[in-house]
Structure formats: structure tokens, C-alpha cells
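# Coordinates in review
So you can see what is in the structure, the chains are spelled out below.
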Amino acid sequence: MHILGIDIGGSGIKGAPVDIETGAMLTERFRLPTPQPSRPEDVADVVTQVIEHFNWHGPVGITFPAIVKEGVVYSAANVDSGWIGADARALFERKSGCPITVVNDADAAGIAEMTFGAGKGHRGVVIMLTFGTGIGSALFVNGYLVPNTELGHLELRGKDAERRASDRARQEKDLSWEKWAERVDEYLGMVEYLFSPDLFIIGGGVSKKAERFVPLLSTRAQIVTAALLNDAGIVGAAMAAKPAE
Ligand code: BGC
């Protein structure tokens, strides 16, 4: 089955049709810049342009970087605060005319990694963490997702953890990989203390540089790097939109 996957990020809104049985994208991805400020109506217009680019009329799965339940957004750490309480699914459906599923961005990436990537075949407790503008999390128990875990907002040294240990914090504070790895290690230590995962999957843009920091991490749980890199959001969004049988 083919479903259009769209990944809404801080800088770009990217989409491609996905074969959800194989996880393969069927075309090159199409990307437009995320409008700034990222207000609901403006974002929905760009999402609609991506859908129209593919001349798509079927189901669409869309990631969003916030808590999402039944299509409604409940937080806005790194997006315009106008999203809080917005029914993203209804808005995207009204603009595009397509049936829409909206899912948290890290949950989507985790779904894709657990099925086709670094988490494939892993049982037990698996935590995927995406390090980017924020820190996203996806928690799996024997392959089942516990959605909207928001572990990037655990408190670390009196601060939101993503303010200390996201990739944005590394860049803004111009931290060396060693210094940043210390912060990530402290953060992972806290997550490990609370959840005792069997496996961590490290994703987000920074996973391309995994060799610079993953060897410096000291968790008891095994750590692997995401395999699908940039495509995980698009593929996971499409998978989350599979109509119920
Ligand atoms: C948001 C999460 C999101 C993560 C990664 C956090 O600030 O609260 O919902 O998954 O950033 O984008």
C-alpha cells in the first residue's frame, strides 16, 4: 500500500510517497521551507502544497514536533504557540481534502526504525531519542509504541534536558563533541535510571556524526545509531497513517 508521508521540521516540510510494506520511498522527496513564524494556517498551506505537488488524493501521514493525540496538538516547545489546542488533523483535512493522520515526529521516526531500521527485531524496552532542535523520544515495549513520551523535557540540572543536551544546544554553545557527549551521557544516564531500556536508538540529524560522540557514551544499555537518517520521519508518518483493517 502506498501512503504519502510528510515530515514537518523546524526548517523544512518534506514529503514522499512510501510503500509501507517495504519502507521504500517511491520518489525523490519534495521539500519546501517551513514558514516563519510557523503558525497553523501557514504551515497547513505549505503542507497542502506538498500534497498537491504529488497530485495526491489518498491517505497522508504527517509528523509534528509536539504532543499529538487524535490529531490535536497539546504542546509547542519549538513551534508557534498558536498550535496548542489546535486540531491539526481537521485543519490539514480541510485545506487538502485528503484523509490525514498526525503523529509526533519522534514517534514516527521510531516506528520506521523499529520496522525497517536499527530497532528491527528488538523486543524488550527500546527508546529512540532524536537529537536536533529539541530532543524527541519514542518508547517501545515488545515492539509496541507508548506514544508522546516527551523525554526531552525531563529536568536535568534544573533545566529542560533538551536545553542542555540537544544538538541545538551543542551548536549554540559551540560545545566540543567531548563536552556535548558528557551532557548527552548524563541525560542518557537519567533516562536509563528511570526506564532501564535494553536498547537506545540515537537519531536526528546529529546521528550522521555518531562516530564523534557515541563511543564516548557509557550506558549499560546497548546504543545503536538510526539507520534511516533523514527518511525515518517520512516513512514512519506514512506507516502511522495505514487505515485500520
Ligand atoms: C517536543 C517533542 C518533539 C521533539 C523533537 C520537543 O521539544 O516537545 O514533541 O518530538 O522536540 O522535535
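Right, let's get into the overall build of the protein chain. A tally of regular secondary structure across the protein chain gives 8 helices and 15 strands. For the protein chain, the C-alpha atoms occupy an extent of roughly 50 × 40 × 30 Å along the three principal directions. Taking all 245 residues of the protein chain together, the buried fraction comes to 53%. Long-range pairs, those at least 24 residues apart, make up 62% of the contacts in the protein chain with a sequence separation of at least 6. Here the protein chain has roughly 11,100 Å² of accessible surface; of this, 49% comes from carbon and sulfur atoms. A distance of 4 Å separates the average location of the 24 positive side-chain charges in the protein chain from that of its 31 negative side-chain charges.

Right, let's get into the packing of aromatic side chains. By the definition in use, this model includes 8 aromatic pairs. Note on Phe131 and Tyr187: the rings are 6.4 Å apart at their centroids and 85° apart in plane angle, and the pair reads as edge-to-face. Here Phe131 is found in strand β9 (residues 125-131), whereas its partner Tyr187 is found in helix α6 (residues 177-195), with 56 residues between them in sequence. Phe131 sits in the buried class, given a relative accessible area of 0%. Ring centres 5.9 Å apart and planes at 80° place the aromatic pair Trp177 and Trp180 in the edge-to-face group. A residue pair is termed a helical-turn pair when its members lie 3 or 4 positions apart in one helix, as Trp177 and Trp180 do in helix α6 at 3 residues. Residue class for Trp180 comes out buried when judged on its relative accessible area of 0%. These aromatic residues form a ring-pair network of at least three members: Phe131, Trp177, Trp180, Tyr187 and Phe213. If you follow Arg170 out to its NZ or CZ, it ends over the ring of Trp177, 4.0 Å from the centre.

For helix α3 (residues 105-116), built from 12 residues, the straight-helix expectation of 16 Å at 1.5 Å per residue is met to within 8% by its first-to-last C-alpha distance of 17 Å. For α3, the buried fraction is high: 9 of the 12 residues fall into the buried class. Among the residues of α3, Ala106, Asp107, Ala108, Ala109, Gly110, Ile111, Ala112, Glu113 and Met114 are the ones counted as buried.

The next thing to look at is the domain arrangement of the protein chain. Assigned domains of the protein chain: these are domain 1 (2-104 + 233-240) and domain 2 (118-226). Inter-centroid distance (C-alpha atoms) of domain 1 to domain 2 is 24 Å. Counting across the domain 1 and domain 2 interface gives 0 salt bridges. In this structure, the connection of domain 1 to domain 2 is made through 3 residue pairs in polar contact (both at pLDDT 80 or more). Looking at the side of domain 1 that touches domain 2 residue by residue, the class counts come to 4 nonpolar, 3 polar and 1 charged.

Our focus in this paragraph is the sheet that holds strand β11 (residues 144-146). With mixed pairing, 5 strands are arranged side by side in an open sheet as β11-β10-β9-β14-β15. With one partner strand each, in any of the chains shown, β11 and β15 (222-225) form the two edges of the open sheet. Direction aside, neighbouring strands of the sheet carry axes that sit 25° apart on average. Pairing between strand β14 (residues 199-203) and β15: 4 bridges, direction parallel. Bridging from a neighbouring strand, Leu199 pairs with Gln222 of β15. This element, α3, spans β9, β10 (135-141), β11 and β14 of the sheet and lies at about 45° to β10. Relative to the sheet, α6 contacts β9, β10, β14 and β15, its axis offset from that of β9 by approximately 150°.

Reading guide: rules and limits
- Residues numbered from 1 in each chain as written.
- Predicted model: local features only at pLDDT ≥ 70, side-chain atom pairs only at ≥ 80, totals over all residues.
- Heavy atoms only, no water.
- Helix = DSSP H or I, 4+ residues; strand = E, 2+ residues; numbered from the N terminus.
- Buried < 20%, exposed > 50% of the residue type's maximum accessible area, 1.4 Å probe, protein only.
- Contact = heavy atoms within 4.5 Å.
- Areas by Shrake-Rupley, 256 points an atom, 1.4 Å probe, with all protein chains shown as cover.
- Lys, Arg positive; Asp, Glu negative; His and termini not counted.
- Charge placed at Lys NZ, Arg CZ, Asp CG, Glu CD.
- Phe/Tyr/Trp six-rings, centres within 6.5 Å; stacked < 30°, edge-to-face > 60°.
- Lys NZ or Arg CZ within 6 Å of the ring centre and 35° of its normal.
- Expected span 1.5 Å × (residues − 1).
- Domains from an automatic or database assignment.
- Salt bridge = Lys/Arg side-chain N within 4 Å of Asp/Glu carboxyl O.
- Polar contact = N/O pair within 3.5 Å; in protein donor to acceptor, adjacent residues only side chain to side chain.
- Nonpolar A, V, L, I, M, F, W, Y, C, P; charged D, E, K, R; others polar.
- Pairing = 2+ DSSP bridges.
- Axes fitted to C-alpha atoms, helices over the stretch in contact; angles between N-to-C directions.

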